[in-house]
Amino acid sequence: MCLGIPGQITAITDAGRQMAMADVSGVRREVSLAPVVEGPLETLVGQWVLIHVGFAMAVIDEDEAHETLEALRGLGEAQETLEQMAEGDKAFGEARS
């Protein structure tokens, strides 16, 4: 399964290589715009994209970006809860031994 993380394009870093800086929940990373370029690169500055392994895979609207980020945060919280439960089960099993 592929997971795309929403990020907002903040600047073009290398027009020749179609590279840009993206802000992903406060973390800046360089991404390739090659899969989504349909015109001048500058038109993508300020746009939201789904990023997968360093590539902008799709341009999305801001509402979809925020909804996806919320869903991913929810998954992170669920994962954290499952890990805490597993640790609790492990500790309980060790205490019974």
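Keep in mind that what you see is a predicted model, and the values were worked out from it rather than measured.

Considering the overall build of the chain
- Counting its secondary structure elements, the chain contains 1 helix and 5 strands.
- Buried positions account for 23% of the 97 residues belonging to the chain.
- Carbon and sulfur atoms make up 54% of the accessible area of the chain, which totals about 6,500 Å².

Brief notes about the nonpolar core
- Residues Ile 9, Ala 20, Ala 22, Val 24, Val 31, Leu 33, Val 36, Leu 41, Leu 44, Val 49, Ile 51 and Ala 56 constitute the largest nonpolar core, which totals 12 residues.
- Taken together, the elements giving at least two residues each to this core come down to strand E2 (19–24) and strand E4 (48–52).
- Ranked by the residues each element gives to this core, the list is headed by E2, at 3 residues.
- Not counting the four nearest positions on each side in its chain, Leu 41 is found in contact with Ile 12, Ala 15, Gln 18 and Leu 33.

Thoughts on the pairing of strand E3 (residues 27–32)
- Relative to E3, E2 runs antiparallel, the two being bridged by 6 bridges. From the neighbouring strand, Met 21 faces E3, where its bridge partner is Glu 30.
- The antiparallel hairpin formed by E2 and E3 contains 2 residues in its connecting segment, where Ser 25 sits at a positive phi of about 50°.

What to know about the pattern of salt bridges
- Inspection of the entire model under this criterion finds 2 salt bridges.
- Salt-bridge contacts for Arg 17 lead to Asp 14; the nearest nitrogen and oxygen are separated by 3.3 Å.
- Glu 70 is paired through a salt bridge with Arg 73; the nearest N and O atoms lie 2.9 Å apart. With Glu 70 and Arg 73 both in helix H1 (residues 62–96) and 3 residues apart, this pair spans about one turn of that helix.
- A relative accessible area of 51% places Glu 70 in the exposed class.
- Here Arg 73 falls in the partly exposed class, since its relative accessible area comes to 41%.

Looking at the pairing of strand E1 (residues 5–14)
- Bridge count for E1 against E4 is 4 bridges, and the pairing is antiparallel. Counted as the bridge partner of Gly 7 is Val 49 from E4.
- The sheet contact formed by E1 and E2 spans 5 bridges and is antiparallel. Each residue of the ladder has a partner; that of Gln 8, found in E2, is Asp 23.
- What sits between the antiparallel neighbours E1 and E2 is a turn of 4 residues, in which Gln 18 has the positive phi angle 60°.

What counts and what doesn't
Each chain carries its own residue numbering, running from 1 in the written order of its sequence. Given that this is a predicted model, residues contribute local features only at a pLDDT of at least 70 and side-chain atom pairs are listed and counted only at 80 or more, while totals for whole chains, interfaces and linings are drawn from all residues. Water and hydrogen atoms play no part in the side-chain values, which are based on all heavy atoms of the structure. Only DSSP runs of H or I covering at least 4 residues are called helices, and only runs of E covering at least 2 are called strands; the numbering of each starts at the N terminus. Buried residues are those whose accessible area, probed at 1.4 Å on protein chains only, stays under 20% of the maximum for their type, while exposed residues exceed 50% and partly exposed ones sit between those limits. Computed with a 1.4 Å probe, the accessible areas rest on the Shrake-Rupley method; for each residue, only the protein chains presented here act as cover. Side-chain atoms within 4.5 Å are what join buried Ala, Val, Leu, Ile, Met, Phe, Trp, Tyr and Cys residues into a set we call a nonpolar core. Throughout, a contact is declared for two residues whenever any of their heavy atoms are within 4.5 Å. Any two strands with at least two DSSP-identified bridges between them are counted as paired. Salt bridge, as used here, is a side-chain nitrogen of Lys or Arg placed within 4 Å of a carboxyl oxygen of Asp or Glu.

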